[in-house]
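Tertiary structure, described
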Amino acid sequence: MKIRTHLESLPPYTPIEPFEVLSARLGRAPAQIIKLDANENPYGPLPAVREALGNLNFPHIYPDPESRALRKSLQEFTSVSAEYLLAGSGADELIDLLMRVLLEPGDCILSCPPTFGMYSFDAELNAARCIEVPRRTDFSLDMDSIRAAVNTYHPKLFFITSPNNPDGSVLDTKTIDALLELPTLIVLDEAYIEFADDKLGARLSRIREVASRENLIVLRTFSKWAGLAGLRIGYGAFPLWLMQTLWKSKQPYNVNVAASVAAQVSLAHADELAATVALLKSERERLFSALREISYLQPYPTQSNFILCRVIERDASELKTRLAQEHGIFVRYFNKPGLRDHIRISVGKPGDTDRLIQALKE
């Protein structure tokens, strides 16, 4: 027997390891580890969510395949009608689902690196090509090159992230409007939008425009702002012409009951989560100021829950390793085009910042 040919050369996606793996490797208790490598919310889920998870009524019953209760809550939160909304096992599942539904082998998607690596990974997984138009050195988009790539390759999907991962920059209104004029389906990934203004992203998000546009999809997640990364729950708003096929193509019970309940309770307590987000944004500013005082780091302005830093005149890989081994502090290291010798630091609690800055000084 033989696997599909295109999968033989598929490069593996490198995920971030969990506490218990890191703990065993370093010989440190989980409480001694500061995990700033995956943009997780260090405050975790709200107390009300933890209580609800401990009192699930029907964990032995298959979940609602249409996530009706969750979609109703999302309708109230986003002001988007539930008929446009689809929940998934993280936004990652929805990215893969879109490609499985829309791409034939050999088709193209477009992305603008440096950015989220799942776009190119899922494209290769689905036997498609990922055409990349690199961002400029300030992480802004090269619109002339994007238009040329669209005209040349005719991508079926264009994945764009705002705020972008890994630098945290937000696309301005004019740029997004220009993207929406392109003859392709725009997938706007707003995984970090809640950190970009003081209204949980409501003023910047384009999710309410999906109902009036045929070529716009907006993806969101509960992993970051709501502290539910371990439960894998995300959602998206999709044009109605696409929804019927998405319903037929997704896994029947793709959102488990624990994730659904956690998301609903989070939405019911959005004001409390907004306070947590405000704490992280305040800590982001303190961390940014402190990082600017480290002579060998150049932090980039960000509107997300992480800060990208260029490492100057020293080895970024060695820095990551020493932080982990000597201090139990984990950050993300990048060494690829557009990100040579860079680290990305998630915003943690004040104590995490203090220990990180002390370690960097040492």
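Here's a quick rundown of the structure.

What counts and how
Residues numbered from 1 in each chain as written. Predicted model: local features only at pLDDT ≥ 70, side-chain atom pairs only at ≥ 80, totals over all residues. Heavy atoms only, no water. Phe/Tyr/Trp six-rings, centres within 6.5 Å; stacked < 30°, edge-to-face > 60°. Helix = DSSP H or I, 4+ residues; strand = E, 2+ residues; numbered from the N terminus. Buried < 20%, exposed > 50% of the residue type's maximum accessible area, 1.4 Å probe, protein only. Lys NZ or Arg CZ within 6 Å of the ring centre and 35° of its normal. Pairing = 2+ DSSP bridges. Axes fitted to C-alpha atoms, helices over the stretch in contact; angles between N-to-C directions.

1. A closer look at the packing of aromatic side chains
Across all of its chains, the model carries eight aromatic pairs by this definition. Centroid distance Y62 to Y253: 4.7 Å. Interplanar angle 15°. Geometry classified as stacked. Note that Y62 is positioned in the loop between α3 (47–54) and α4 (68–78) and Y253 in the loop between α9 (240–249) and α10 (257–268), a separation of 191 residues in sequence. Centroid distance F222 to Y235: 5.6 Å. Interplanar angle 50°. Geometry classified as tilted. Here the residue F222 occupies a position in the loop between β7 (216–221) and β8 (234–237), and Y235 occupies one in strand β8, the gap between them amounting to 13 residues. Across this residue pair, the class does not change: F222 and Y235 are buried. Three or more aromatic residues link up through ring pairs in this structure, and these residues are F77, F222, W225 and Y235. The ring of F306 carries the charged tip of R344 above its face, separated from the ring centre by 5.6 Å.

2. A look at the sheet that holds strand β2 (residues 85–88)
Overall, mixed pairing links the seven strands, which are arranged β2-β8-β7-β6-β5-β3-β4 in an open sheet. Edge positions in the sheet fall to β2 and β4 (129–132), since each of these pairs with one other strand and no more. The sheet shows a mean angle of 25° between the axes of neighbouring strands, direction not considered. Bridge count for β2 against β8 is four bridges, and the pairing is antiparallel.

3. Let's talk about unusual backbone geometry
For residues other than glycine, phi is negative in most cases, and the peptide bonds are mostly trans. For the bond running from P113 to P114, omega is 0°, close enough to zero to count as cis. Cis geometry is adopted by the peptide bond preceding P163, which originates at S162 and carries an omega value of -5°. Within the secondary structure, P163 sits in the loop between β5 (157–161) and α8 (173–180). Phi is positive for S79, which is not a glycine, with a value near 65°.

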